[in-house]
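Residue-level listing of the chains:
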Amino acid sequence: MTYAVSIAIALAVGGISAWINAGKMDNAALIQPPLSPPAWLFPVVWTILFTLMGISAARVYLSGCVGRSDALFIYGTQLVVNFLWTVFYFSFCALLLSFFWLVFLIFLVILMIVRFERCEPGSGKLQIPYLLWLTFAAYLNFATWYLNK
């Protein structure tokens, strides 16, 4: 049950974010950088990543480790920062602000990975695909800003 709730929370953050920002910005109207994936790939990747987030957060929660509260606080914080990135990018079309916000998110995710690993070995490793995707997203975000400034 803990896993289901944890995964549902993570997916809800992504789903609500997508719903709120749907149709706010026509990203296709912008000049896209090289290596830009097709639009259909984003919801597929994000669903996988939010599921992995939920699984690893549940593992940390169930671990009972001493640093569990701090690790889960960082997890919750990065979920909020992730949510706000979509608002800044899609609703406000603030591409440069979004890039710097994404750099902050990457920092939080690295911190989360370290804390998760201390609590429950392997749980931080489940966040590596998320970190890699965010790094790629930072490239896309910055390059989109640069090409469209």
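Structure shown above.
Scope of this entry: the structure provided in the associated data block. (Residues numbered from 1 in each chain as written. Predicted model: local features only at pLDDT ≥ 70, side-chain atom pairs only at ≥ 80, totals over all residues. Heavy atoms only, no water.)

1. A word on the packing of helix α3 (residues 68-91) against helix α4 (residues 95-119)
Working step 1: For the pair α3 and α4, interaxial distance at closest approach is 9 Å and the crossing angle is 160 degrees. In terms of orientation, α3 lies roughly antiparallel with respect to α4. Between α3 and α4 the crossing geometry is left-handed.
Working step 2: Residue composition of the contact of α3 with α4, grouped by class: 21 nonpolar, four polar and three charged. (Axes fitted to C-alpha atoms, helices over the stretch in contact; angles between N-to-C directions. Helix = DSSP H or I, 4+ residues; strand = E, 2+ residues; numbered from the N terminus. Parallel < 35°, antiparallel > 145°, perpendicular 65-115°, else oblique. Left-handed = near helix turned anticlockwise from the far one by under 90°. Nonpolar A, V, L, I, M, F, W, Y, C, P; charged D, E, K, R; others polar.)

2. Topic: the layout of surface pockets
Working step 1: What the largest pocket holds in volume is close to 960 Å³.
Working step 2: Lining the largest pocket are 35 residues; nearest its centre among them are Phe-42, Pro-43, Trp-46, Trp-85 and Phe-90.
Working step 3: At the level of elements, α1 (2-21), α2 (41-63), α3, α4 and α5 (128-148) are the ones that each hand at least two residues to the lining of the largest pocket.
Working step 4: The class makeup of the residues in the lining of the largest pocket is 21 nonpolar, 13 polar and one charged. (1 Å grid on protein atoms, 1.4 Å probe; cavity = no way out; pocket = protein on both sides within 12 Å on 5 of 7 lines; lining within 4 Å. Points joined across faces, edges and corners; volume = space filled by probe spheres on them.)

3. Quick look at the side chain of Ser-56
Working step 1: On the secondary structure map, Ser-56 appears in helix α2.
Working step 2: In contact with Ser-56, other than residues within four places in its own chain, are Phe-116, Ser-123, Leu-126 and Gln-127. (Contact = heavy atoms within 4.5 Å.)

4. Observations regarding unusual backbone geometry
Working step 1: Even without a glycine there, the phi angle at Leu-35 is positive, about 75 degrees.
Working step 2: Mapping Leu-35 onto the fold places it in the loop between α1 and α2.
Working step 3: Phi is positive for Cys-93, which is not a glycine, with a value near 55 degrees.
Working step 4: With a relative accessible area of 40%, Cys-93 lands in the partly exposed category. (Buried < 20%, exposed > 50% of the residue type's maximum accessible area, 1.4 Å probe, protein only.)

5. A closer look at the nonpolar core
Working step 1: Trp-46, Met-53, Tyr-75, Val-109, Tyr-130 and Leu-134 are the most contacted members of the largest nonpolar core, which has 34 residues in total.
Working step 2: Counting residues per element, the ones that place at least two in this core are α1, α2, α3, α4 and α5.
Working step 3: Per-element accounting of this core gives the leading share, 11 residues, to α4. (Core = buried A, V, L, I, M, F, W, Y, C linked by side-chain atoms within 4.5 Å.)

6. Some words on the environment of Trp-46
Working step 1: Tracing the backbone through its elements, the reader meets Trp-46 in helix α2.
Working step 2: Along the backbone, Trp-46 and Gly-76 are 30 residues apart, and their C-alpha atoms lie at a distance of 17 Å.
Working step 3: For Trp-46, the contacting residues outside a window of four places in its chain are Met-53, Asn-82, Tyr-130, Trp-133 and Leu-134.

7. Remarks on α3
Working step 1: The terminal C-alpha atoms of α3 lie 34 Å apart, and with 24 residues this matches the ideal 34 Å at 1.5 Å per residue to within 8%.
Working step 2: For α3, the complete set of buried residues consists of Ala-71, Ile-74, Tyr-75, Gln-78, Leu-79, Val-81, Asn-82, Trp-85, Thr-86, Val-87, Phe-88 and Tyr-89.
Working step 3: Elements that come into contact with the buried residues of α3 comprise α1, α2, α4 and α5. (Expected span 1.5 Å × (residues − 1).)

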